[in-house]
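Structural description and commentary
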Amino acid sequence: MSAEAGHGASVRIEACGKTFADGTHALEPATLDIASGETLVLLGPSGCGKTTMLRIIAGLEAPDAGGRVLFDGKDMTAVPIERRNVGMVFQSYALFPNMTVADNIGYGLKIRGMPDKERAARVAELVTLTNISGLENRRIDQLSGGQRQRVALARAVAIRPGILLLDEPLTALDAALRDRLRGELNRLLRALGITTIYVTHDQSEAMELGDRIVVMQKGAIAQIGTPREIYFTPRSRFVAEFIGAANIVEAAVEDGHLVLPGGRQPIHCDGDMPAAVAMIRPETIHVAAARSASLSGTIDSVSFIGDRQRLVVSGASSRLLTVDAPNTVQARPGERIGLSISPDAVRLLPPEN
Amino acid sequence: MSHRSFVWLCLLPLAVVTAAFFLLPMARLVVTGAGGPQGLAGYLAILVEPRYRVTLINTVLLAAATTIVTLIVATIAGMFLQRHRFPGRAVLIAMLTFPLAFPGVVVGFMIILLAGRQGLIGDFSNRLFGEKLVFAYSIYGLFLGYLYFSIPRVILTVMAAVQKLDVGLEEAARSLGAGPWAVQRDVVLPALAPAFVASGAIAFATAMGAFGTAFTLATNIDVLPMLIYTEFTLAANLSISAALSVGLGIITWFILALARSFSGSAVAAAG
């Protein structure tokens, strides 16, 4: 596998916007740098422009005038996809139904005029790499969803692309398989060292696979950062709510405290604000005795999830608070509990505009 | 009345119609074909007698040529029409499929207006080269007529198939380095193959058996339907025309059956 590693191209997209013929703005002009060998995840709800951005990088869509796409510093904007040397995995896999598994994987090599013998060797290598030995001569309609996914990946990687583009490659699979393949895919991408751009709407996929995540909203980039940055320091309410579970608290700030119906919560903030928006992750709220805590509320409901239990607490904030408590905590609906939250865990968000 | 006998009763009209208008005439046709002075050998005459054999070969060649040219023209046109949006597209599609509304006689008439003695092409060539180009009354005129009413059917079938084509397949091929020709050769045409087989079989069957156009153009064109007609009405050679009919039926049926086994979907005879 070492022969595979380390030939990723760097990507820069510069002021790339996309307006479709019917006038819809799919993508506001965006600029983005992707380092060689990096795995970048474009994350967002459907219609946020993530697929459009991927297709612009691939060369399947042209950016609006003024936008440029550069690979390794070379302007590729006018180069058609067939000469960009990108490997692409589609959500539908788009495997050729008139070819066998081996012919699918070898198609890009055949187009490049690689001699039969060399091609067969390369196909065999990829069949092993993606764990589909024994399926070489199958037709596509004889494969399961997971096998198709692997063939699609093998086909895209076979041509030794500088950039690998994946458009929701796991979405079509059922949950258990998706989790398993996500792990496999992660190991494979790390081993290959190809620059990878991965589109998904699934935040846990984004967290596991991405070196960096680009969160997108309504055709614009909402935030770029490592999974940790995105999770712990979201820059907007949208990002906070899209990644993981988040309690959004609207309250006034007075000398370093959020003033809440259930008490005063210390935070890191000097000035006073009449209306602040803060985010608190459920797992950062600790259950304490009602009397001693500075913040308290009443348990509305308890859901036992196994590794933890999820409490919904009313009266503490103006809205219901979700609290992830250890599974050993005794909690019953109607009980009054105290909530202890570290000031570090409260993140003030900029007001919505 | 039991449920079962009710069902049988409902099937009765179908049975009557099938027997009266299909089984009996077919049986009669087959018997008549063997009823000539040569008996069963009458069927052999289709292949042995030079006049019949030449006509048979002509007809098959004409049908094959019609099918191939129709497929080429209609595939390019259908693909373009399905993939592009432009002003006047709906009108163009309506015009291209208009010949479906015409009977063979009208198509024949139009061919005469185009390539007959007073036809447009004749006028044009007369002015350009001083010679009238007239081919309406020959097998070439017939070829043109068959093209005219085969193309709409095939265009519609190809358009439907192109619509169902996964654009992702073409994009995938391109991402792997395939240029426009390679994409057509390796992805698009194989995916459209069932549509080609289905619509091609119909074009073939139509060109084998259509009579109206041929009859309008001329009575001496060497194609099977005309031969059957002349043997029957002019020569009153009942057994030979029956044998020829059976032969025509078998060839057409065979092609349709072949197409059906390839494409898996229903291929209906037309014309």
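Here the residue index of a chain counts from 1 through its sequence in written order. In the order they appear in the text, chains get letters beginning with A and ligands get numbers beginning with 1. Reporting in this predicted model follows two pLDDT cut-offs: at least 70 for local features of residues, and 80 or more for side-chain atom pairs to be given and counted; totals over whole chains, interfaces and linings ignore these cut-offs and use all residues. The side-chain figures draw on all heavy atoms in the structure; neither hydrogens nor water molecules are used.

1. A short note on the layout of surface pockets
Residue and element names in this part refer to chain B.
- With a 1 Å grid laid over protein atoms only, a set of points is called a cavity when a 1.4 Å probe fits there but cannot get out and a pocket when it is open yet has protein on both sides within 12 Å along at least five of seven lines; lining residues have an atom within 4 Å of a point. Grid points are joined across faces, edges and corners, and a volume is the space filled by probe spheres set on the points. The calculated volume of the largest pocket comes to roughly 210 Å³.
- Every residue lining the largest pocket is listed: Phe22, Met26, Leu29, Val30, Ser245, Val246, Gly249 and Ile250.
- Comment: elements are numbered from the N terminus, with helices defined as DSSP H or I runs of at least four residues and strands as E runs of at least two. Taken together, the elements giving at least two residues each to the lining of the largest pocket come down to helix H1 (3-33) and helix H12 (238-263).
- Charged residues are taken to be Asp, Glu, Lys and Arg, nonpolar residues to be Ala, Val, Leu, Ile, Met, Phe, Trp, Tyr, Cys and Pro, and polar residues to be all remaining types, Gly included. Its residues assigned to classes, the lining of the largest pocket shows six nonpolar, two polar and no charged.
- Shared between two domains, the lining of the largest pocket takes at least three residues from each, and those domains are domain 1 (1-33) and domain 2 (46-263). Domain start and stop positions are those given by an automatic or database domain assignment.

2. Some points on the pairing of strand S19 (residues 336-341) of chain A
Residues and elements named next belong to chain A.
- Both strand S15 (residues 285-288) and S19 contribute to a ladder of four bridges, which runs antiparallel. Paired with Val287 across the bridge in S19 is Leu339.
- Pairing between two strands requires that DSSP report at least two bridges joining them. Looking at chain direction, strand S16 (residues 295-304) and S19 are connected through four bridges and run antiparallel. Looking at S19, one finds that Thr298 is bridged to Arg336.

3. So, the sheet that holds strand S6 (residues 86-89) of chain A
Residue and element names in this part refer to chain A.
- In spatial order, the strands read S6-S7-S8-S3-S9-S10; together these six strands make up an open sheet with mixed pairing. Of all strands in the sheet, those bounded by a partner on one side alone are S6 and strand S10 (220-225). Pairs of neighbouring strands in the sheet enclose a mean axial angle of 15°, with direction left out of account.
- Both strand S3 (residues 39-43) and strand S9 (residues 212-217) contribute to a ladder of four bridges, which runs parallel. Opposite Leu40, over in S9, you have Arg212 as the bridge partner. Geometry is summarised by axes, namely lines fitted to C-alpha atoms with helices restricted to the contacting stretch, and by angles between N-to-C directions that run from 0 to 180 degrees.

4. Observations regarding the side chain of B:Thr230
- Position of B:Thr230 among the secondary structure elements: in helix H11 (residues 224-233).
- For B:Thr230, the side chain forms a polar contact with the main-chain oxygen of B:Leu227, separated by 3.0 Å. Polar contacts here mean pairs of N or O atoms no more than 3.5 Å apart (in protein, one a potential hydrogen donor and the other a potential acceptor; neighbouring residues in sequence count only if both atoms are side-chain atoms).

5. Comments concerning the domain arrangement of chain A
All names here are of chain A.
- Along its sequence, chain A is carved into domain 1 (2-240) and domain 2 (245-349).
- Measuring from the centre of the C-alpha atoms in domain 1 to the corresponding centre in domain 2 gives 40 Å.
- In short, buried area is how much 1.4 Å probe accessible area vanishes from two parts on joining, totalled over both. Taken together, the two surfaces of domain 1 and domain 2 that pack against each other cover about 790 Å², and 48% of this comes from carbon and sulfur.
- Per-residue buried area on domain 1 facing domain 2 is highest for Tyr231, Arg237 and Ala240; these three make up 68% of the total on that side.
- The working definition used for a salt bridge is a side-chain nitrogen of Lys or Arg within 4 Å of a carboxyl oxygen of Asp or Glu. At the boundary of domain 1 and domain 2, one finds one salt bridge.
- Linking Glu250 and Arg237 is a salt bridge whose minimum nitrogen-to-oxygen distance equals 3.1 Å.
- Here domain 1 is connected to domain 2 by five residue pairs in polar contact (both at pLDDT 80 or more).
- Elements supplying a minimum of two residues to the side of domain 1 that touches domain 2: helix H7 (227-232) and helix H8 (237-242).
- With three residues, the single largest contributor to the side of domain 1 that touches domain 2 is H7.

6. Comments concerning the interface of chain B and chain A
- When checking whether two residues touch, look at their non-hydrogen atoms; a contact exists if any pair is within 4.5 Å. With 18 residues of chain B at the interface, the matching set in chain A holds 21 residues.
- Both faces combined, the contact of chain B with chain A buries some 1,600 Å², and carbon together with sulfur accounts for 61% of it.
- At the junction of chain B with chain A, the criterion picks out two salt bridges.
- A salt bridge links B:Arg174 to A:Glu82, with the shortest nitrogen-to-oxygen separation between them at 3.0 Å.
- Looking at the side of chain B that touches chain A element by element, the count peaks at seven residues for helix H8 (residues 167-175) of chain B.
- Looking at side-chain class alone, the side of chain B that touches chain A contains nine nonpolar, four polar and five charged residues.

7. Looking at unusual backbone geometry
Residues and elements named next belong to chain A.
- With phi around 65°, Asn131 is a residue other than glycine that occupies positive phi space.
- One can find Asn131 in the loop between helix H3 (116-129) and helix H4 (145-158).
- Notably, Asp255 is not glycine yet its phi reads approximately 25°, a positive angle.
- Topologically, Asp255 is positioned in the loop between strand S11 (247-254) and strand S12 (257-260).
- Buried residues are those whose accessible area, probed at 1.4 Å on protein chains only, stays under 20% of the maximum for their type, while exposed residues exceed 50% and partly exposed ones sit between those limits. Taking the relative accessible area as the measure of exposure, Asp255 reaches 52% and is therefore exposed.

8. Topic: the nonpolar core
- Judged by nonpolar contacts, the single largest core of 108 residues is most densely connected at A:Leu42, A:Met53, A:Phe96, A:Ile105, A:Leu165 and A:Ile197.
- Aside from chain neighbours lying at most four places away, what touches A:Phe96 is A:Asn104, A:Tyr107, A:Ile140, A:Arg155, B:Leu169, B:Ala172, B:Ala173, B:Leu176 and B:Val187.
- Throughout, nonpolar core names a set of buried Ala, Val, Leu, Ile, Met, Phe, Trp, Tyr and Cys residues whose side chains join them through atoms within 4.5 Å. B:Ala207, B:Met208, B:Ile221 and B:Met226 belong to the second largest nonpolar core, which has 30 residues in total.

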